[in-house]
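Examining the three-dimensional arrangement
So you can see what is in the structure, the chains are spelled out below.
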Amino acid sequence: MASRTTHPVLDTRALNRATLARQLLLSRAEMSARDAVAHLLGLQAQNVKPPYFQLHARLAGFDPAELAGLMESREVVRMVTMRSTIHTHTAHDALTLRPLVQPARDREVDYFRKGLVGVDLDRLADRARDLVERAPRTMAEIREDLLREWPDADPQSLSVAARCRLPLVQVTPRGVWGRSGQVRLTTVENWLGEPAGTAQPVDDVVLRYLAAFGPASVKDMQTWAGLTRLREAFERLRPGLLVFRDESGAELFDLPDAPRPDAATPAPPRFLPEFDNLLLSHADRTRVVAPEVKGRSWTGNQAHCTLLVDGFLAGLWKLEGAVLTVELFDRVPKAAEEEIVDEGEKLIAEMGGLPDGPGRPAPTVRFAPIRR
C-alpha cells in the first residue's frame, strides 16, 4: 500500500465535479424517483416541497406526481434520521437506517434530562407507541398525553424524548405534492406494516455514502450521519478503497469505480431547494461553497433556496407563480446568465404549479440586484 504521504491530491474543482456526478447534478439521470431516493440515501425534507425540487434538479423528465405516488403507496416515508432532521427515505432505509443512527438520538435525549427528572424513558416510549399506533397523532397530542403521567416534566423535553426514542413517520397527506396536511405521526413499523429491521451494517452505509457524496473523509461522513467513531469502518474498508488527499492534506476515501470527471467538465446551473444535502453533508464544504460565500445561504435560522453556477454556490432564488427571482452573489458571464434563464424557465414550467390552458402565464426569470 502506498504511503499516506504519497496519495494523489484532488483539488477543489476535481472534488466538486466528482461530487456533482455522484449527486446526479452534472447531467440529469435517467432514473426512477425511488431509485434516486435510495442512491442519495434519502432527501432532506425539513419542509414539504424540497424533496420534489431536489429530484427535479437531478432526474430527466421528473414529474412530482411520481414521488407523490411513492408517498401515498408508502414506498417512501418522511422521518427523523441523520443529524436529527427529517428525511424522505425508501421504506427499506426507513426501517434500517434509523436503527443505525439511534445511538445519536439516544444521546440527544441526554441533553434534555433536566426536564425529564422522574420520567421512565422506557415507559414513555411504550406509552407514546401505544398512543400513535392506535391512530396517528400530532406532537401536541403526544405531549398532552405524556403530561398526564408526568405533569411536572418539561413539555418540550417530553416531545424530544418521544421523537428520539420512537421511529416516528409523518403520515400522508403530509408530504404529498399538491396536497396539505397537518403533521401527524405514527411508528414506521405501524405505517409500513413491517417490523423494524436491524441496522444496516455500517460498512455498507460507508460504501453507499461514498457512492453518493464521495470522495470523502471520515469527518465528512460523520457530519452527514450525525455519528461519531466511524474511523474503524473506514480502516476496515481501506484495502478496497482508493485514497486521496485534498489540498489541505485531509485524507479522502473513494470507491475505485466511482465517477471522477475531469475538473474541466462543464457543470450546468442547477436550482436547489433549501436544506439540499449537497450543501450539508461534508465537514469541509468548500467543494461546493467557496469561503467567500460561506454562510450566505442562511439568514439566521432561515435557509434559502440556492443556485449553483459552474458547480458552486453562486446565488439564491425564489419562485412565486410564473416569476423566478434570482439573486446572484456576483456577476457571471453572459453565457452563464443565458443558461440560468433557460434552466429557470424549465423550473417554472415544470415545478411552478401553473394551470394548463391558454391563460397560462409565460415564465419570467428576473435578476434582482447583486446580493452583496
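Check the entry above for the structure.
The structure reproduced in this document is the subject of the present report. Predicted model, so just to flag it, every value in this text is computed and none were measured.

1. Structural notes on the sheet that holds strand β11 (residues 305-309)
If you trace the five strands from one edge of the open sheet to the other, you get β8-β11-β12-β13-β14, paired in mixed fashion. The open sheet has two free edges, formed respectively by β8 (270-272) and β14 (364-367), since each of these has just one partner strand. Recorded for the sheet is a direction-independent mean angle of 30° between the axes of neighbouring strands. Direction of pairing for strand β12 (residues 312-320) relative to strand β13 (residues 323-328): antiparallel, over a ladder of six bridges. Residue Glu 320 lies in a different strand from β13, and its bridge partner there is Val 323. Contacts from helix α13 (residues 334-351) reach β8, β11, β12, β13 and β14, with the element oriented near 135° to β14.

2. Describing the pattern of salt bridges
Two side chains bearing opposite charge may form a pair once their charged atoms approach each other closely. If you walk through the whole model with that rule in mind, you get 30 salt bridges. Here Asp 122 and Arg 165 are joined by a salt bridge, their closest N and O atoms 2.6 Å apart. Highlighted residues: Asp 122 in helix α6 (residues 121-134) and Arg 165 in helix α8 (residues 155-165), separated in sequence by 43 residues. Salt bridges sharing partners connect three or more residues here, namely Arg 123, Arg 127, Glu 144, Asp 145, Arg 148 and Glu 149.

3. Thoughts on helix α5 (residues 91-110)
For α5, with 20 residues, the first-to-last C-alpha span of 28 Å sits near the 28 Å given by 1.5 Å per residue. Along α5, the helix axis deviates most sharply at Val 101, where the bend reaches about 50°; the proline Pro 103 sits within four residues downstream. Among the 20 residues in α5, 14 count as buried, and that is most of the element.

4. Things to note about the packing of α6 against helix α7 (residues 139-149)
Where α6 contacts α7, the axes come no closer than 10 Å and their chain directions differ by 135°. By the angle class used here, α6 and α7 are oblique. By crossing handedness, the relation of α6 to α7 is classed as right-handed. Note on element contacts: α7 touches α6 through Glu 141, Ile 142, Asp 145, Leu 146, Arg 148 and Glu 149, opposite Arg 123, Leu 124, Arg 127, Ala 128, Leu 131 and Val 132.

5. Digging into the environment of Arg 184
Mapped onto the elements, Arg 184 comes out in the loop between β4 (168-170) and β5 (185-187). On the basis of relative accessibility, which here comes to 29%, the residue Arg 184 falls in the partly exposed class. In this structure, the C-alpha to C-alpha distance between Arg 184 and Leu 255, residues 71 residues apart in sequence, is 40 Å. Looking at Arg 184, its side chain comes within polar contact range of the side chain of Glu 141, at 3.3 Å.

6. Structural notes on the packing of α7 against α8
Closest axis-to-axis distance for the α7/α8 pair is 9 Å, and the angle between their directions is 110°. Judged by the angle between their axes, α7 and α8 are roughly perpendicular. The handedness of the crossing between α7 and α8 is right-handed. Seen from α7, the contacting residues are Met 139, Ile 142, Arg 143, Leu 146 and Leu 147; seen from α8, they are Pro 155, Gln 156, Leu 158, Ser 159, Ala 162 and Arg 163. Within the contact of α7 with α8, the residues separate by chemical class into seven nonpolar, two polar and two charged.

7. Some details on the pairing of strand β6 (residues 242-245)
Consecutive side chains of a regular strand alternate in pointing toward one face of the sheet and then the other. With four bridges joining them, β6 and strand β7 (residues 251-254) adopt antiparallel strand pairing. Within the sheet, the bridge partner assigned to Val 243 lies in β7 and is Phe 253.

8. Topic: unusual backbone geometry
Between Thr 172 and the following residue, Pro 173, the backbone shows a cis peptide bond with an omega angle of 15°. Relative to the elements of secondary structure, Pro 173 occurs in the loop between β4 and β5. Cis peptide bonds are those with omega within 30 degrees of zero, and the linkage from Gly 214 to Pro 215 qualifies with -5°. Structurally, Pro 215 can be placed in the loop between α10 (202-213) and α11 (218-225). Phi is positive for Leu 24, close to 65°, though the residue is something other than glycine.

9. Remarks on helix α4 (residues 64-72)
Every α-helical turn comprises 3.6 residues, leaving residues that sit three or four positions apart pointing alike. Pro 64, Leu 67, Ala 68, Leu 70 and Met 71 are the residues of α4 that are buried. Along the axis of α4, the buried residues cluster in a sector spanning 160°; they form a single face. Contacts from the buried residues of α4 go to α2 (33-39), α3 (50-56), β2 (76-80), β3 (86-90) and α13. At the exit of α4 stands Arg 74, carrying a positive phi of roughly 65°.

Conventions and cut-offs
- Per chain, residues are indexed from 1 in the order of the written sequence.
- Per-residue local features of the predicted model are confined to residues with pLDDT of at least 70, and side-chain atom pairs are confined, for both listing and counting, to 80 or more; whole-chain, interface and lining totals are unaffected and use all residues.
- To obtain the side-chain values, all non-hydrogen atoms of the structure were included, while hydrogens and water were left out.
- At least two bridges found by DSSP between two strands is the condition for calling them paired.
- The secondary structure listing takes helices from DSSP runs of H or I that are at least 4 residues long and strands from runs of E that are at least 2 residues long, numbered from the N terminus.
- For helices, the fitted axis covers only the stretch in contact; all axes are lines through C-alpha atoms, and the angles between them, taken along N-to-C directions, range from 0 to 180 degrees.
- In this analysis, two residues are considered to be in contact whenever any of their non-hydrogen atoms come within 4.5 Å of each other.
- Each reported salt bridge corresponds to a side-chain nitrogen of Lys or Arg within 4 Å of a carboxyl oxygen of Asp or Glu.
- For a helix, the expected span equals 1.5 Å multiplied by the residue count minus one.
- Fitting axes to the seven residues that end at a residue and to the seven that start at it, the angle between those axes gives the bend at that residue.
- Burial here depends on accessible area, computed with a 1.4 Å probe over protein chains only, as a share of the maximum for the residue type. Under 20% is buried, over 50% is exposed, and the range in between is partly exposed.
- An angle counts as roughly parallel when it lies under 35 degrees, as roughly antiparallel when it exceeds 145, as roughly perpendicular when it falls between 65 and 115, and as oblique in every other case.
- Definitions for this section: a left-handed crossing has its near helix turned counterclockwise from the far helix by less than a right angle. A right-handed crossing has that turn clockwise.
- Contacts described as polar in this section are N or O atom pairs within 3.5 Å, which, within protein, must combine one atom able to donate a hydrogen with one able to accept it, while residues neighboring in sequence count only if both atoms come from side chains.
- In this classification, the charged set is Asp, Glu, Lys and Arg, the nonpolar set is Ala, Val, Leu, Ile, Met, Phe, Trp, Tyr, Cys and Pro, and all remaining amino acids, among them Gly, are polar.
- An arc is given here, and it is the one of the directions from the helix axis to the C-beta atoms.

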